Amino acid sequence: MSAPSSSAVFDELIYAPVRLRICAGLAPVQWAEFAQLPDVLGVADSVVSNHLKQLTNAGYVDMKRFTKGGGSHVRVALTAPGRNANVGHIAALRTMHEMDL
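Residues numbered from 1 in each chain as written. Predicted model: local features only at pLDDT ≥ 70, side-chain atom pairs only at ≥ 80, totals over all residues. Heavy atoms only, no water.

## Description of helix 5 (residues 80-98)
- With 19 residues, helix 5 extends 27 Å from end C-alpha to end C-alpha; this agrees with the ideal 27 Å at 1.5 Å per step.
- Burial in helix 5 covers these residues: Gly82, Ala85, Asn86, Gly88, His89, Ala91, Ala92 and Thr95.
- Where helix 5 is buried, its residues contact helix 1 (12-15), helix 2 (17-26) and strand 3 (71-78).
- Where helix 5 ends, the next residue or the one after it, aspartate 100, has phi of about 60°, a positive value. (Helix = DSSP H or I, 4+ residues; strand = E, 2+ residues; numbered from the N terminus. Expected span 1.5 Å × (residues − 1). Buried < 20%, exposed > 50% of the residue type's maximum accessible area, 1.4 Å probe, protein only. Contact = heavy atoms within 4.5 Å.)

Take a look at the structure:
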């Protein structure tokens with residue numbers, strides 16, 4: 001069994017299933033369009049909006065409006081603190097799994 005990582009920090013905010021899935025989905029990409037998230041997550045736009053608001057308020061997610069094809073779109077990205085929190089949370093989950101908690 002490996003020793004717990006110093007960066008392994010369980011994050012109550014990220015722990016919520018939809019927020020965890022948002023962070024996991026944004027982690028490997030630079031950004032995603034908001035319009036894609038409800039379909040990918042299988043939840044309503046309003047649910048995604050509420051969870052993104054919480055992540056944005058914590059400084060974990062940044063949302064920017066942009067114009068494409070004459071329409072307004074929203075780009076969603078994990079911030080550096082959001083990426084760090086996500087990595088730490090995943091490390092904490094792995095540590096708990098290794099300890100059979």
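## Points about the pattern of salt bridges
- Enumeration over the complete set of coordinates arrives at two salt bridges.
- Here lysine 68 and glutamate 33 are joined by a salt bridge, their closest N and O atoms 2.8 Å apart. Of this pair, lysine 68 sits in strand 2 (residues 61-68) while glutamate 33 sits in strand 1 (residues 32-33), and the two are 35 residues apart along the sequence.
- Among the residues examined, glutamate 33 registers a relative accessible area of 10% and is labelled buried.
- Residue aspartate 62 pairs with lysine 64 through a salt bridge whose shortest N-O separation is 3.2 Å.
- Relative accessible area serves as the criterion here: at 31%, aspartate 62 is assigned to the partly exposed category.
- Lysine 64 sits in the partly exposed class, given a relative accessible area of 48%. (Salt bridge = Lys/Arg side-chain N within 4 Å of Asp/Glu carboxyl O.)

## With respect to the pairing of strand 3
- Here two bridges tie strand 1 to strand 3, and the two strands are oriented antiparallel to one another. Considered in strand 3, the bridge of alanine 32 is made with valine 76.
- Where strand 2 meets strand 3, eight bridges bridge the pair, whose relative direction is antiparallel. The residue bridging methionine 63 from the neighbouring strand is valine 76, located in strand 3.
- If you look at the hairpin formed by strand 2 and strand 3, you'll find two residues sitting between the two strands, and glycine 69 has a positive phi there, around 60°. (Pairing = 2+ DSSP bridges.)

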